[in-house]
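Structural characterization, general
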Amino acid sequence: MRKPLLAGNWKMNTVLQESVQLAEALNKLVGDVNDRDILVCPPFTAINSVAEALRNSVIMVGGQDLFWEEKGAFTGQVSPKMLKSVGASYVIIGHSERRQFFAETDETVNKKLCAALANNLHPIICVGEMLAERENNTTLKVIEKQIKGGLKGLAVGDAQRITVAYEPVWAIGTGKTATPEQAQEVHAFIRKLLVEMFDKPTAEIIRILYGGSVTPDNIKVLMAQADIDGGLVGGASLKADSFAKLVKY
Ligand code: PGA
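Computed from a predicted structure; not experimentally measured.

**Let's talk about the site of the ligand**
Taken together, 13 residues sit near the ligand, with Lys11, His95, Glu167, Gly173 and Ser213 positioned nearest. Side-chain polar atom of Lys11 to an oxygen atom of the ligand: 2.7 Å apart, as the coordinates give it. Isolated, the ligand exposes 290 Å² of accessible area, and the fraction of that covered by the protein chains is 95%. Class assignment of the residues belonging to the shell around the ligand gives a composition of 4 nonpolar, 7 polar and 2 charged.

Next comes the structure, spelled out in structure tokens:
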């Protein structure tokens, strides 16, 4: 059985003080929940303080991106070891906003994934189609390309440490959630790809999260789907009470 993972992606929100307040408030509400995993991904500037605030909590902390090089002249970038050193254990890779605004490709996603795994970080690899792609029925083709490109060359043992997030771009921040059936269709397709690329036991271990306008009101029906193992949540993770409700779906 896959343990559900509820992950909050705070994106470029919360200055330092707000981050700590949000983490503390959340900890009061769900700090003792053990039957599911809980993760928050604050901006880089707040990871250290949030990890401190959650030191004795079950809530885990992650980054929203990383760079694949270990160190050197890469102005503005953050390495896997830097992330680990401030208390991150997870990292989001290839979020659609990074693909859209920061020229992330399946190739860079793959490099970042390998760097994360080499440093014992748990990567969450995001994939998802744009509205036009769904409308011209190329969703599964797009997902296949992103999964095969992003996970290229991965050994079975490493694959067992990853998480995949399916986030239809048209559902992110729009209030338009995929229907549970639409999401399940893509999740099942991803799981089938994972069987082909690795093996069945590995595909059964890997968690596949849904993301895109997840709220406390729709999480339950999404989680009722066989291949949906959790949520990657943006907007609804920015308020402690709504994220707590969502965690306790
Ligand atoms: P949203 O964002 O929940 O605000 O739609 C989800 C995400 O981008 O991970």
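Structure's up, so let's keep going.
**Points about the pattern of salt bridges**
Between side chains of opposite charge, a pair can form as their charged atoms come close. In the structure shown here, the tally under the stated rule is 20 salt bridges. The salt bridge involving Asp65 is made with Arg98; its shortest N-O contact spans 3.1 Å. Taken together, the residues Asp65 in the loop between strand 3 (60-63) and helix 3 (80-85) and Arg98 in helix 4 (residues 96-101) connect sequence positions 33 residues apart. Residue classification places Arg98 among the partly exposed positions, given a relative accessible area of 23%. Its salt-bridge partner being Lys192, residue Glu196 comes within 3.8 Å of it at the nearest N-O pair. One end of the pair is Glu196 and the other is Lys192, both in helix 9 (residues 180-197) and 4 residues apart, which spans about a single turn. In this structure Lys192 comes out as partly exposed when scored by relative accessible area, which is 45%. Salt bridges here are not isolated pairs; linked through shared partners, they connect Arg2, Arg191, Lys200, Glu204, Asp227 and Asp229.

**Details of the packing of aromatic side chains**
All chains considered together, the criterion is met by 4 aromatic pairs. On the basis of an interplanar angle of 50 degrees and a centroid distance of 5.1 Å, the ring pair of Phe67 and Phe74 is categorised as tilted. Assessed through its relative accessible area of 12%, Phe67 is described here as buried. Overall, the relative accessible area of 34% leaves Phe74 in the partly exposed class. Here Phe101 and Phe102 contribute two aromatic rings whose centre-to-centre distance is 6.4 Å and whose plane-to-plane angle is 90 degrees, an arrangement assigned as edge-to-face. Each member of the pair, Phe101 as well as Phe102, carries the same accessibility label: exposed. In textbook terms, an aromatic cluster arises when at least three aromatic residues are bridged by ring pairs, as seen for Phe67, Trp68 and Phe74. Over the ring of Tyr249 we find Arg36; its NZ or CZ atom is 4.5 Å from the centre of that ring.

**Considering the side chain of Asp229**
With respect to the helices and strands, the residue Asp229 is situated in the loop between helix 11 (219-223) and strand 8 (230-233). Reaching out from Asp229, the side chain makes a polar contact with the side chain of Arg2 at a distance of 2.9 Å. Within polar-contact distance, the side chain of Asp229 engages the side chain of Arg191 at 2.9 Å. In contact with Asp229, not counting residues within four places along its chain, are Arg2, Lys3, Pro4, Leu5, Arg191, Ile206, Arg207, Ile208, Leu209 and Met223.

**Here we look at the UniProt feature "binding site: substrate" (unreviewed entry) in the protein chain**
Following the UniProt record, the feature "binding site: substrate" (unreviewed entry) maps to Asn9, Trp10, Lys11, Gly173, Ser213, Gly234 and Gly235 here. Spanning 227 residues, the named residues form one tight spatial group whose C-alpha atoms are at most 13.9 Å apart. Topologically, Asn9 is positioned in strand 1 (residues 5-9). Excluding residues within four positions of it along the chain, Asn9 makes contact with Cys41, Gln64, Ile92, His95, Leu232, Val233, Gly234 and Ser237. At 3.0 Å, the side chain of Asn9 forms a polar contact with the backbone nitrogen of Lys11. Examined against the element boundaries, Gly234 turns out to sit in the loop between strand 8 and helix 12 (240-247). When near neighbours in sequence (up to four residues on either side) are disregarded, Gly234 contacts Asn9 and Lys11.

Parameters and conventions
Residues numbered from 1 in each chain as written. Predicted model: local features only at pLDDT ≥ 70, side-chain atom pairs only at ≥ 80, totals over all residues. Heavy atoms only, no water. Near = heavy atom within 4 Å. Polar contact = N/O pair within 3.5 Å; in protein donor to acceptor, adjacent residues only side chain to side chain. Areas by Shrake-Rupley, 256 points an atom, 1.4 Å probe, with all protein chains shown as cover. Nonpolar A, V, L, I, M, F, W, Y, C, P; charged D, E, K, R; others polar. Salt bridge = Lys/Arg side-chain N within 4 Å of Asp/Glu carboxyl O. Helix = DSSP H or I, 4+ residues; strand = E, 2+ residues; numbered from the N terminus. Buried < 20%, exposed > 50% of the residue type's maximum accessible area, 1.4 Å probe, protein only. Phe/Tyr/Trp six-rings, centres within 6.5 Å; stacked < 30°, edge-to-face > 60°. Lys NZ or Arg CZ within 6 Å of the ring centre and 35° of its normal. Contact = heavy atoms within 4.5 Å. UniProt positions renumbered as here; feature names shortened; annotations may be inferred.

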